[in-house]
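Inside the fold
In case you want the letters, here they are:
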Amino acid sequence: MMNEFKAFIMRGNVVDMAVGIIIGAAFGAIVNSLVKDIIMPPIGLVLGNLDFSNLAIVLKPGATPGPYPTLADAQAAGAVTLNYGMFINSIVVFLILAAVIFFLVVRPIARMQEPKKAETPVAPATKECPFCCSIISIKATRCPNCTSQLAK
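A brief look at the structure comes next. These figures come from a predicted structure and were not determined experimentally.

1. Things to note about the environment of Thr70
Mapped onto the fold, Thr70 is located in the loop between strand 1 (57-60) and helix 3 (71-76). Take Thr70: its relative accessible area is 27%, and that puts it in the partly exposed class. Between the alpha carbons of Thr70 and Ala56 there is a distance of 8.8 Å; along the sequence they are 14 residues apart. At a separation of 3.1 Å, a polar atom in the side chain of Thr70 contacts the side chain of Asp73.

Right, dumping it as structure tokens:
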């Protein structure tokens, strides 16, 4: 039973999947940082120093009554919050990940797997006269050069 398990683990598909999951998680962390640290601050600046990670609605105040300047303060006070700013960040992360996966993985693989379109051969429009070896129309029944009768 242990040998079967070892054979299962060492199969190429399982190892490839594990590597893909690890790289995907690391890539997700990079994209999350890109959105949180690079993309959202300029958007927040344009929108009047808005920090999306602190956007929340207090559903129930905590032990210390609000208003709370930051989401961390509200959570520290034990307030129940609806964190829609974090949701906006997650949507942006998802859209960037989806675009990257589509443009860098799905499209190139689809192009590689796309069968090459074979050009259909064009029917010849000319033929060679068997008597004088001149090039004539395929529809000709008599050679215009040597006037020989041509078989169809």
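2. Re the nonpolar core
Core analysis: the biggest nonpolar cluster contains six residues, these being Val31, Val35, Met40, Phe52, Leu55 and Val93. In terms of residues, this core owes the most to one element, helix 2 (residues 12-46), which gives three residues. Those residues in contact with Val35, other than ones at most four positions away along the chain, are Met40, Pro41, Asn89, Val92, Val93 and Ile96.

3. A look at the side chain of Ser148
Residue position: Ser148 is located in the segment after strand 4 (135-137). Taking the relative accessible area as the measure of exposure, Ser148 reaches 17% and is therefore buried. If sequence neighbours within four positions are ignored, Ser148 has contacts with Phe131, Thr141, Arg142 and Cys143.

4. A short note on the packing of aromatic side chains
Going through the model one piece at a time under the given rule, you end up with one aromatic pair. On the numbers, 5.0 Å between centres and 80° between planes, the contact of Phe102 with Phe103 is edge-to-face. According to the relative accessible area criterion, Phe102 is partly exposed, its value standing at 39%. Classification of Phe103 by relative accessible area gives partly exposed; the value is 49%.

5. Considerations on unusual backbone geometry
Within the chain, Cys133 stands out as a residue other than glycine whose phi angle is a positive 65°. Tracing the backbone through its elements, the reader meets Cys133 in the loop between strand 3 (126-128) and strand 4. In this model, Thr147 sits at a positive phi of 55°, which is unusual for a non-glycine residue. Assignment of secondary structure puts Thr147 in the segment after strand 4.

6. With respect to helix 4 (residues 84-113)
Look at helix 4: 41 Å from first C-alpha to last across 30 residues, which is about the 44 Å you get at 1.5 Å a residue. In the structure, helix 4 departs most strongly from a straight axis at Phe102, where the bend amounts to approximately 40°. Listed as buried for helix 4 are Gly85, Asn89 and Val93.

7. A word on the side chain of Ser134
Along the polypeptide, Ser134 turns up in the loop between strand 3 and strand 4. We classify Ser134 as buried; its relative accessible area is 17%. Within the local environment of Ser134, its side chain forms a polar contact with the side chain of Asn145, the two groups lying 2.7 Å apart. Ignoring any residue separated from it by four or fewer positions in sequence, one finds Ser134 in contact with Lys127, Glu128, Cys129, Cys143 and Asn145.

Calculation criteria
Residue indices follow the written sequence of each chain, beginning from 1 at its first position. Local features in this predicted model are restricted to residues whose pLDDT is 70 or higher, and side-chain atom pairs enter the listing and the counts only when it is 80 or higher, whereas totals over whole chains, interfaces and linings include all residues. With hydrogens and water set aside, each side-chain value is computed from the structure's full complement of heavy atoms. Only DSSP runs of H or I covering at least 4 residues are called helices, and only runs of E covering at least 2 are called strands; the numbering of each starts at the N terminus. Partly exposed describes any residue whose relative accessible area lies between the buried limit of under 20% and the exposed limit of over 50%, with all areas from a 1.4 Å probe on protein chains only and scaled to the type maximum. Distance and chemistry together define a polar contact, namely a pair of N or O atoms within 3.5 Å, with one atom able to donate a hydrogen and the other to accept it when in protein, and with adjacent residues in sequence counting only for side-chain atoms on both sides. To define a nonpolar core, start from buried Ala, Val, Leu, Ile, Met, Phe, Trp, Tyr and Cys residues and group those joined through side-chain atoms within 4.5 Å. The criterion used for residue contact is that any of the two residues' heavy atoms lie within 4.5 Å. The criterion for an aromatic pair is that two Phe, Tyr or Trp rings (for Trp, the six-membered ring) have centres within 6.5 Å, with stacked assigned to planes under 30 degrees apart, edge-to-face to planes over 60 apart and tilted to the rest. Expected span of a helix: the number of residues minus one, times 1.5 Å. Each residue is assigned a bend, namely the angle between axes fitted to the seven residues that terminate at it and the seven residues that start at it.

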